[in-house]
Amino acid sequence: MNFDLKWSASEKKVARAAFDKALEVALGKTLAEFKKKASDAATFSEMWEIEDYLQQQRRKIDQLFDYRYSQLIVVFGTLIQEGYLDESQLSGLSDDKREEIRHFLAWHARA
């Protein structure tokens, strides 16, 4: 996988928009799950389980959403794989970058 890809100004705009949208989706899903868990909580231990859940989600989101250009191919592949991003949101990226993302997805589908 080529991590030394050059990003044009227009590709950087597309990448940032896709990244921000995926982050919004991930945070929205986390918020919805938090609200459900909070409304269902009936004990003190369930309350602390919600805190644990939120800490786990924050770690996951912080690790996944890495906006370094050297990491974006892997990040976008993972975001597609996890359902936070659709490949169509990356139209505007060069064919080589989109092919690298597809290669990443294919490799992970086999693993």
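What comes next concerns the included structure. Everything quoted here is computed from the prediction, not taken from an experiment.

As for the environment of Ala15
Mapped onto the elements, Ala15 comes out in helix α1 (residues 9–40). Remark: the alpha-carbon pair of Ala15 and Phe76, spanning 61 residues in sequence, is separated by 8.8 Å. If near-sequence neighbours (up to four positions away) are discounted, Ala15 is found in contact with Trp7, Tyr67, Leu72, Phe76 and Leu93.

Description of the pattern of salt bridges
Following the criterion strictly, the structure yields 11 salt bridges and no others. Between Glu87 and Arg98 there is a salt bridge, with the nearest N and O atoms lying 3.9 Å from each other. Residue Glu87 is found in the loop between α3 (72–81) and α4 (95–110), and its partner Arg98 is found in helix α4; the two are separated by 11 residues along the sequence. One network of salt bridges, in which partners are shared, links Glu87, Arg98, Glu99 and Arg102.

A look at the packing of aromatic side chains
Counted by the stated rule, this structure contains five aromatic pairs. Ring plane angle 80° and centroid distance 5.4 Å describe the contact between Phe19 and Phe65, whose orientation is recorded as edge-to-face. Of the two residues, Phe19 sits in helix α1 while Phe65 sits in the loop between α2 (44–64) and α3, which places them 46 residues apart along the sequence. Each ring, one from Phe65 and one from Tyr84, has its centre 6.4 Å from the other, and the planes form 45°; the classification is tilted. With Phe65 in the loop between α2 and α3 and Tyr84 in the loop between α3 and α4, the pair connects residues that are 19 residues apart, well separated along the chain. The same class applies to Phe65 as to Tyr84, namely buried. Chaining the aromatic ring pairs together yields one cluster made of Trp7, Phe19, Phe65, Tyr67, Tyr69 and Tyr84. Here Arg16 stacks its cationic end above the ring of Tyr67, 3.8 Å away from the centre of that ring. Between the NZ or CZ atom of Lys37 and the centre of the ring of Tyr53, over which it lies, the distance is 5.0 Å.

Thresholds applied
- Residues numbered from 1 in each chain as written.
- Predicted model: local features only at pLDDT ≥ 70, side-chain atom pairs only at ≥ 80, totals over all residues.
- Heavy atoms only, no water.
- Helix = DSSP H or I, 4+ residues; strand = E, 2+ residues; numbered from the N terminus.
- Contact = heavy atoms within 4.5 Å.
- Salt bridge = Lys/Arg side-chain N within 4 Å of Asp/Glu carboxyl O.
- Phe/Tyr/Trp six-rings, centres within 6.5 Å; stacked < 30°, edge-to-face > 60°.
- Buried < 20%, exposed > 50% of the residue type's maximum accessible area, 1.4 Å probe, protein only.
- Lys NZ or Arg CZ within 6 Å of the ring centre and 35° of its normal.

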